Number of protein chains: 2
Amino acid sequence: MTAASVIKRRKPDWHVVVAEAGSVASFSACGMPYWVANVVEGGPEALVVVSAEDARNVRGIDLRVHTRATSVDAAARRVTLHSQGRDESINYDHLVLATGAQARVPFDTRGLNGVYALRHLDDAVRLKQDMNRSPPTKAVVVGGGFVGLEMAEAFVELGVPCSLIHSRPTLLSSILDEDLGRLVNERVAAAGVELVVGARADGVEGTDHVSGVRVGKRVIEADVAVLGLGVQPDASLGKEAGCELDPGGRVLVDDGFRTSVARVWACGDAVAVKHRVTGKPAFVPLALHANRAGRIVGENIVGGSESFPGALGTTITRFGELEVAATGLTQAAAQRAGMDAVAATIKSGSKAIYFPGTQKLRARIVAERGSGRLLGAQIVGGKDTAKRIDAMAAALWMGATLKDVEAMDFAYAPPFNPVWDPWAIAARMTARAARS
Amino acid sequence: MTAASVIKRRKPDWHVVVAEAGSVASFSACGMPYWVANVVEGGPEALVVVSAEDARNVRGIDLRVHTRATSVDAAARRVTLHSQGRDESINYDHLVLATGAQARVPFDTRGLNGVYALRHLDDAVRLKQDMNRSPPTKAVVVGGGFVGLEMAEAFVELGVPCSLIHSRPTLLSSILDEDLGRLVNERVAAAGVELVVGARADGVEGTDHVSGVRVGKRVIEADVAVLGLGVQPDASLGKEAGCELDPGGRVLVDDGFRTSVARVWACGDAVAVKHRVTGKPAFVPLALHANRAGRIVGENIVGGSESFPGALGTTITRFGELEVAATGLTQAAAQRAGMDAVAATIKSGSKAIYFPGTQKLRARIVAERGSGRLLGAQIVGGKDTAKRIDAMAAALWMGATLKDVEAMDFAYAPPFNPVWDPWAIAARMTARAARS
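Criteria and thresholds
- Residues numbered from 1 in each chain as written.
- Chains lettered and ligands numbered in written order.
- Predicted model: local features only at pLDDT ≥ 70, side-chain atom pairs only at ≥ 80, totals over all residues.
- Heavy atoms only, no water.
- Contact = heavy atoms within 4.5 Å.
- Buried area = accessible area lost by both parts, 1.4 Å probe.
- Salt bridge = Lys/Arg side-chain N within 4 Å of Asp/Glu carboxyl O.
- Polar contact = N/O pair within 3.5 Å; in protein donor to acceptor, adjacent residues only side chain to side chain.
- Helix = DSSP H or I, 4+ residues; strand = E, 2+ residues; numbered from the N terminus.
- Nonpolar A, V, L, I, M, F, W, Y, C, P; charged D, E, K, R; others polar.
- Pairing = 2+ DSSP bridges.
- Axes fitted to C-alpha atoms, helices over the stretch in contact; angles between N-to-C directions.
- Least-squares fit on C-alpha atoms with pLDDT ≥ 70 in both.
- Patch = residues over 30% accessible without salt bridge, like charges linked within 9 Å, V, L, I, M, F, W, Y side chains within 5 Å.
- Areas by Shrake-Rupley, 256 points an atom, 1.4 Å probe, with all protein chains shown as cover.
- Lys, Arg positive; Asp, Glu negative; His and termini not counted.
- Charge placed at Lys NZ, Arg CZ, Asp CG, Glu CD.
- Buried < 20%, exposed > 50% of the residue type's maximum accessible area, 1.4 Å probe, protein only.

A. Region of interest: the interface of chain B and chain A. In this assembly, 57 residues from chain B lie in contact with 57 residues from chain A. For the pair chain B and chain A, the summed buried area comes to about 4900 Å², and 67% of that belongs to carbon and sulfur atoms. Per-residue buried area on chain B facing chain A is highest for Met 398, Asp 409 and Phe 416 of chain B; these three make up 15% of the total on that side. Connecting chain B to chain A are four salt bridges. Across the salt bridge formed by Asp 421 of chain A and Lys 387 of chain B, the nearest N and O atoms sit 3.3 Å from each other. Inspection of the chain B/chain A interface yields 24 residue pairs in polar contact (both at pLDDT 80 or more). Looking at the side of chain B that touches chain A element by element, the count peaks at seven residues for helix α10 (residues 389–397) of chain B. Partitioned by chemical class, the residues of the side of chain B that touches chain A number 34 nonpolar, ten polar and 13 charged.

Here it is in structure tokens:
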């Protein structure tokens, strides 16, 4: 939708068709757990970013919902759209594959009711309707990443007893090293969520409706199960169009989101983008990058020459009043990538020590030994602490070293910070760790 | 105190004397308005950072309060300390001049009671004691910088009617361009403070006790008057020691805080430091830089070779729930410095538009036309928005351009940010302004 909007803004007389398989083309996926939890009020339209009406009447996009692109003939520059039992074949000058990713479901859910993978707004609507119709008594969330953690929080908010299964020992393990991840475990457990960590879900139990989730020999009772096990890119249409794929099975694109096939572009969660720390392609299925990619594709189709500047994978979330954010690589990820990564975690307050309302926080910096180059940063703390990650995202973006971060001139006043900023102290401690 | 602490940590057997003219050597000056307002509770010891007891017993510093250094003989390496009517002459291997700055008082206050310049903790204690003894009925604050604004807020908190006089049309004019400054004016006026802007205080009226502040022909009634007109460095001891002064009348130092006289160092508010945007010496009397300078002096005295990395003058404050922060140069300041500076201000929310509790904010970026080099940034917004300035402080520190900022990978999730970060949008708008 971003690509389509940019094109129509630049070339109002062009005919831009958007084929959307679901009922809504542009919505805030990240808002779904909060809408399910009734933190965001109103109907599902609260999460709609561009309504079909606005897309058509204001932006002039020929948006077709409940319409699936089923095949591509790149030689003939033709795509087939399927809607309401009928096929339509339309020609294109440019084809944009924004097919996204699908929820990863590593076991057969056997068509059981009560099992959800929150991917499209329709999934959230179905979950919420089902829960209103028949309030659940016990939830199991599979996966302790963002969706999993946020859905566990939603069940806590809704007063539904909940178990959370995660394959690693600590939650949010893709963005937090274990020492900080443990703080998240503790907070989640303190909220009454049963944590089942270091364990994999093997399947679901039940007839018609889910009755439990199987973890090895144990079956964890559930009348609602939510799977938050990440996503896998949907490259099927790209493959059919003859596009080269990358080793991860995604449509291969250059920095301007051109595929190997002329006039076929791909962007969003269907492709890999350049990671700014490793310099290598990475799968970073986050809203900002998809939006940015859409804009670049739109500009390039109308004759621009923009390229994707790279991603750090900066992320942020919360569980109750515990906030979590990270950017770049964890120490564990950096070491897996073969880097000599050192790290240190420090404790700080969010305000001057004597100031009322000071929140505790811990800040962690990961850097390359020797060069001192920043590789990543993590923060876990109380209310209104996590957006501090942006300072490290900016530093990391610019290729800062520990010495830079230690010297940076961050804002201090008693209601907002200690004199010595947590990041400056973390940088100093990481430099010390690197020397030892 | 920071220099002394570093030296004792590195060289425990050295004899380190600290002569402090007041009663407290290490306190949070920035906390004083909040302590006066009873936002910070407890006695004045709440603001003490290092108590005399800790300085002596834990850190091993020979701290002498109510002791003023009155003269220096650099050739003989001797300093005279005056205390309780007696002079004592002591020899030194190294002398650190951390004499700070004095409140600027541009007119004769004629020894009137009820007139305060909040500089030392003793000033705050006196103000609070006097107000407790005889609650004021009308306050005038002279100066709409940080101290002035924070003291106006304190009087609002205390329920004392207040007028605020500021020489420029908009408040906080050293850190905010006028469009953002107007928002501060509006909020301060909405809180019931009488704003007298674009006007200078010419003097105080009264016999024994202040009765008013004179602005041209008008006398603004007051039984308490607080002057927040900035500070001027106290270089008198440095001058006597034979140290070269800079054109601003401050002790001239190199990046390691060495003066022109051997074994005499100067740091803190008594000296100028290098501004990282202009590359020129600047007077930036802020806590962080004084602390950092103290550390560097300490390290260098024991044989290190550290240098001050430069200052951006990043600042932050609040008035009620309105938060304000800035880093680098305003457009006005950049233009005064001869730069071709462009700027743009954008409006944004602090969270996803549909998320409850979204705060309004405005972000402004100042950049050099042509190069696109970032020169400064400003933010004014609701609760928990202003610490976002650190992202721009980091970007500015690293020499980022508008293109960098627009591309940066800031943290997004609905409870924390819109998908497009305010800084990214502000950078795009500033780039657009630069092209037009």
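Once the structure has been displayed, the description carries forward.
B. The arrangement of the sheet that holds strand β8 (residues 115–117) of chain A in detail. All names here are of chain A. The five strands are arranged β8-β15-β9-β10-β11 in an open sheet whose pairing can be described as parallel. Pairing within the sheet leaves two strands with one partner each, and these edge strands are β8 and β11 (194–197). Ignoring which end each strand starts from, the neighbouring axes of this sheet average 15° apart. Here β8 runs beside strand β15 (residues 224–227); their pairing, made up of three bridges, is parallel. Across the sheet, Ala 117 pairs through a bridge with Leu 227, a residue of β15. Contacting β8 and β15, helix α4 (residues 121–133) runs over the sheet at an angle of about 150° to β8.

C. Main features of unusual backbone geometry. Positive phi is not limited to glycine here, since Arg 263 of chain A has a value of about 65°. Within the fold, Arg 263 of chain A resides in the loop between α7 (236–240) and β17 (264–266).

D. Expanded view of the sheet that holds strand β3 (residues 67–73) of chain A. Residues and elements named next belong to chain A. Overall, antiparallel pairing links the three strands, which are arranged β3-β4-β5 in an open sheet. One side of each edge strand has no neighbouring strand; the edge strands of this open sheet are β3 and β5 (86–91). With direction set aside, neighbouring strand axes in the sheet form an average angle of 25°. In the sheet, β3 pairs with strand β4 (residues 78–83) via six bridges, with the strands oriented antiparallel. By the bridge assignment for β4, Ser 71 is matched with Thr 80.

E. Here's a closer look at the relation of the copies chain B and chain A. With an RMSD of 0.0 Å, chain B superimposes on chain A once it is rotated by 180° and translated 0.0 Å along the axis. Accordingly, the operation relating the two chain copies is best matched by a two-fold axis. By C-alpha distance to the rotation axis, the residue of chain B lying nearest is Ala 391 of chain B, at 1.9 Å. Both copies present the same face, since 100% of the interface residues in chain B are matched by interface residues at the equivalent positions in chain A.

F. The pattern of salt bridges, seen in detail. Tallied over the full model, the rule gives 46 salt bridges over all chains. Put simply, Arg 369 of chain A and Asp 340 of chain A hold a salt bridge, and the shortest N to O gap is 3.3 Å. With Arg 369 of chain A in the loop between β23 (360–368) and β24 (374–381) and Asp 340 of chain A in the loop between α9 (331–336) and β22 (341–349), this residue pair connects regions lying 29 residues apart in the sequence. Linking Asp 93 of chain B and Arg 77 of chain B is a salt bridge whose minimum nitrogen-to-oxygen distance equals 3.5 Å. On the criterion of sequence distance, the pair formed by Asp 93 of chain B in the loop between β7 (86–91) and β8 (95–97) and Arg 77 of chain B in the loop between β5 (67–73) and β6 (78–83) is long-range, its members being 16 residues apart. Salt bridges linked by common partners bring Arg 10, Arg 295, Glu 299 and Glu 306 of chain A together with Glu 406 and Arg 428 of chain B together as one network.

G. Focus on a negative patch on the surface. The grouping of Glu 321 and Asp 384 of chain A together with Glu 321 and Asp 384 of chain B at the surface amounts to a negative patch. Owing to a relative accessible area of 37%, Asp 384 of chain B belongs among the partly exposed residues under this scheme.

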